[in-house]
Amino acid sequence: MEFRTLGGSGAKASVIALGTWLSHDGGESAHEAIKTTRRAYELGVNLFDTANEYQHGRAEEVLGEALRGVRRESFMVATKVCYPMGDTPLDSGLSRKHIMGQVDLSLRRLGLDYIDLYQCHDFDRETPVDETARAMNDLVASGKIIYWGVSNWDSEQLRRVVTLCRERNWVAPVTNQLQYSALWRLIEKRILPTCRELDVGVLSWSPLAMGVLTGKYTSGAPPESGTRAHKGVGKLDWLLAKFTDPQVLRAVETARSAAAEAGLSLAEAAVRWCLREAAVASVVTGASSPAQVEQNVAAGDLTPPVDLFDEIDRILRPV
Ligand code: NDP
């Protein structure tokens, strides 16, 4: 497994991280999620991503259970705050009040004494950014969190907060978690260069385009039952519909053949495609079984030929 530092910090994260959105739910599926998490750890994954809002807190609980008994110094847990956790105006956002309340609830659900990376899940236009940054700085000082990061922040928002933290001698965010895959390249224009310049590591979410970049869906056939495209993804259904458009799926099939010619699965090629960008600290993959983790983690120490990336660009960029 290759490791990269989280932005300008000294913490070395596995280039493949495991996320918990949709997969880590309570009830019957919790057992599989726990096995999946433990398999990822066994294979060298040391960064686990979750959020207070995933499955209304259950993702944090299941992740905490999966990691119970594992040597605390050997893994990092990243969680997030911002999205609604209740119906009142105080139940969302990045106010000091909400952050301070939520961090304790996340710690309790995870069963941990500290969070390694606490991320602002989105930008909050209604809270002064210095209030948020100061709250994060105070949480680092209190020992409840080790590092903090942001997610889905644009170039101006990131520059503002990093500049502010540097001016005030506050701890600055070390990561920005952003959607990035060979099928979703919006970040390349502005925010990715800004992250590079400010030494903020990118954690790319949905690096497999929600599973589409494993080649599991084909243009002529309906998605198999049990898959994400069959079950749906709620508020991000529009995104999955884009990825599963027949024209896109035909291009993905061509990319899969190109990867196979280079001796790689499409999932491996898609993960390494994100990691060709040095500012990407880790790709946050999702998995619904230990077998999927095994397939994805195999990309952790691969060096594919550079012309495969050119080929993937040529095939997937136009769609
Ligand atoms: P991926 O693009 O990696 O998609 C993961 C899904 O693809 C799996 O759940 C599984 O779905 C399928 N899959 C994965 N590997 C394989 C395989 N080898 N063979 C076949 N199918 C496979 O990432 P996600 O969309 O899950 O996002 C990853 C993480 O990113 C989340 O868990 C979360 O932590 C984070 N995230 C952050 C966001 C943010 O705003 N910051 C937003 C969204 C996600 P299935 O088996 O069900 O078909």
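Residues numbered from 1 in each chain as written. Predicted model: local features only at pLDDT ≥ 70, side-chain atom pairs only at ≥ 80, totals over all residues. Heavy atoms only, no water.

1. Describing the pattern of salt bridges
Turning to step 1, where the next piece is worked out: If you walk through the whole model with that rule in mind, you get 20 salt bridges.
Turning to step 2, where the next piece is worked out: Ionic pairing is found between E2 and R4, a salt bridge with its closest N-O pair at 2.9 Å.
Turning to step 3, where the next piece is worked out: Look at E2 and you get partly exposed, because its relative accessible area is 27%.
Turning to step 4, where the next piece is worked out: Under the relative-accessibility criterion, R4 is labelled buried at 16%.
Turning to step 5, where the next piece is worked out: In this structure, E197 and R159 form a salt bridge, with 2.9 Å as the shortest nitrogen-oxygen distance. Of this pair, E197 sits in helix α6 (residues 191–198) while R159 sits in helix α5 (residues 155–168), placing them 38 residues apart in sequence.
Turning to step 6, where the next piece is worked out: Using a relative accessible area of 33% as the deciding quantity, one classes R159 as partly exposed.
Turning to step 7, where the next piece is worked out: Among the ionic contacts, a cluster of salt bridges with common partners joins R185, E188, R276 and D313. (Salt bridge = Lys/Arg side-chain N within 4 Å of Asp/Glu carboxyl O. Buried < 20%, exposed > 50% of the residue type's maximum accessible area, 1.4 Å probe, protein only. Helix = DSSP H or I, 4+ residues; strand = E, 2+ residues; numbered from the N terminus.)

2. Let's talk about the packing of helix α3 (residues 96–110) against helix α4 (residues 129–142)
Turning to step 1, where the next piece is worked out: Axis separation between α3 and α4 bottoms out at 9 Å; the angle between their running directions is 30°. Between α3 and α4, the crossing angle belongs to the class labelled roughly parallel. Between α3 and α4 lies a crossing whose hand is right-handed. Where α3 approaches α4, its residues R96, I99, M100 and V103 are matched on the opposing element by E131, T132, R134, A135, M136, D138 and L139.
Turning to step 2, where the next piece is worked out: Looking at the contact of α3 with α4 residue by residue, the classes come out as six nonpolar, one polar and four charged. (Axes fitted to C-alpha atoms, helices over the stretch in contact; angles between N-to-C directions. Parallel < 35°, antiparallel > 145°, perpendicular 65-115°, else oblique. Left-handed = near helix turned anticlockwise from the far one by under 90°. Contact = heavy atoms within 4.5 Å. Nonpolar A, V, L, I, M, F, W, Y, C, P; charged D, E, K, R; others polar.)

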